[in-house]
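Summary of the model geometry
The lines below spell out each chain.
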Amino acid sequence: MDERPLQFLLQKIHQCQLCQQALPLGANPVIRARSQARILIIGQAPGLKVHHSDLPWNDASGKRLRQWLQLSPREFYDASKIAIMPMGLCYPGRGKSGDKPPRPECAPLWHPQVLKLLPELRLTLLVGQYAQRYYLQTNNLTETVLNWRHYLPQLLPLPHPSPRNQLWFKRNPWFDEELVPWLQPHIQKIIGEPMEPSAL
């Protein structure tokens, strides 16, 4: 598999200045992918810690997400297995109650181009309301995640793993009791599948 088209595209994305004037800390697109990736994680936008480290999900939310997936940091950050592409690629700044929403320009501009170069994807995790609203056209996160089987095998909606969502997890114990135990072996199965000869 020729990795060059994707890497060329990622270089273009990292140089993007489209929203520069609207970003309090300037543009710093955070995205990781290789053309062999089997799983894609689409979240909302980098937080402040991620903006400074250039490492996606490098915070408490990421720790919980890795627990849901039962992946070590080494496995999680192996871009040949897990691609990570948020709805907004840059830190949007702080709002009244947490970070601002992802910038709306990123997904329409970059997502289709990246997806064309990820032919081995088996599962896309839509983490949080912004990704679900964009890809599933749904507005009720709880209802969407509750009906997670409806979107398989290509898509899986998940709540955002932020510590701010503790109340949601307490109100929805079925998530940890039902969805997470299904998800963990499914992730391992996808990662462990042998590559097609054309992908080698």
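Residues numbered from 1 in each chain as written. Predicted model: local features only at pLDDT ≥ 70, side-chain atom pairs only at ≥ 80, totals over all residues. Heavy atoms only, no water.

Note that T144 resides in helix α7 (residues 141-146). When residues no more than four places from it in sequence are discounted, the contact partners of T144 are Q132, L136, T138, Y151 and P157. (Helix = DSSP H or I, 4+ residues; strand = E, 2+ residues; numbered from the N terminus. Contact = heavy atoms within 4.5 Å.)

With respect to topology, four strands assemble into an open sheet ordered β2-β1-β5-β6, the strand pairing being parallel. Across the chains shown, the open sheet's two edge strands, defined by having one partner strand only, are β2 (82-84) and β6 (155-158). Averaged over all pairs of adjacent strands, the angle between their axes in this sheet comes to 20°, without regard to strand direction. Relative to β2, strand β1 (residues 39-42) runs parallel, the two sharing three bridges. Across the sheet, L40 pairs through a bridge with A83, a residue of β2. The sheet contacts of helix α6 (residues 129-136) involve β1, β5 (123-127) and β6, and relative to β5 the element is tilted by about 125°. (Pairing = 2+ DSSP bridges. Axes fitted to C-alpha atoms, helices over the stretch in contact; angles between N-to-C directions.)

Moving on, we get to the side chain of S61. Mapped onto the fold, S61 is located in helix α3 (residues 60-69). Its relative accessible area of 7% is what places S61 among the buried residues. (Buried < 20%, exposed > 50% of the residue type's maximum accessible area, 1.4 Å probe, protein only.)

Our next topic: the packing of aromatic side chains. For the structure on display, the rule yields ten aromatic pairs. The interplanar angle of 80° and the centroid separation of 6.3 Å between the aromatic rings of W174 and F175 together place this pair among those described as edge-to-face. Of the residues examined, W174 reaches a relative accessible area of 16% and is grouped as buried. In this arrangement the basic side chain of R66 is found over the ring face of F76, its NZ or CZ atom lying 5.2 Å from the centre. (Phe/Tyr/Trp six-rings, centres within 6.5 Å; stacked < 30°, edge-to-face > 60°. Lys NZ or Arg CZ within 6 Å of the ring centre and 35° of its normal.)

Attention now goes to helix α5 (residues 106-116). If you check which residues of α5 are buried, you get C106, A107, W110, H111 and V114. Down the axis of α5, the sector holding all buried residues measures 105°, keeping them to one side. Residues of α5 that are buried make contact with α1 (4-14), β1 and α6. (Arc of directions from axis to C-beta.)

On the secondary structure map, E105 appears in the loop between β4 (98-99) and α5. Along the primary structure E105 and Q20 are separated by 85 residues, whereas in three dimensions their C-alpha atoms are 11 Å apart. The residues touching E105, leaving out its near neighbours within four places in the chain, are L18 and C19. Polar contacts involving the side chain of E105 include one to the side chain of R103, which spans 2.9 Å. (Polar contact = N/O pair within 3.5 Å; in protein donor to acceptor, adjacent residues only side chain to side chain.)

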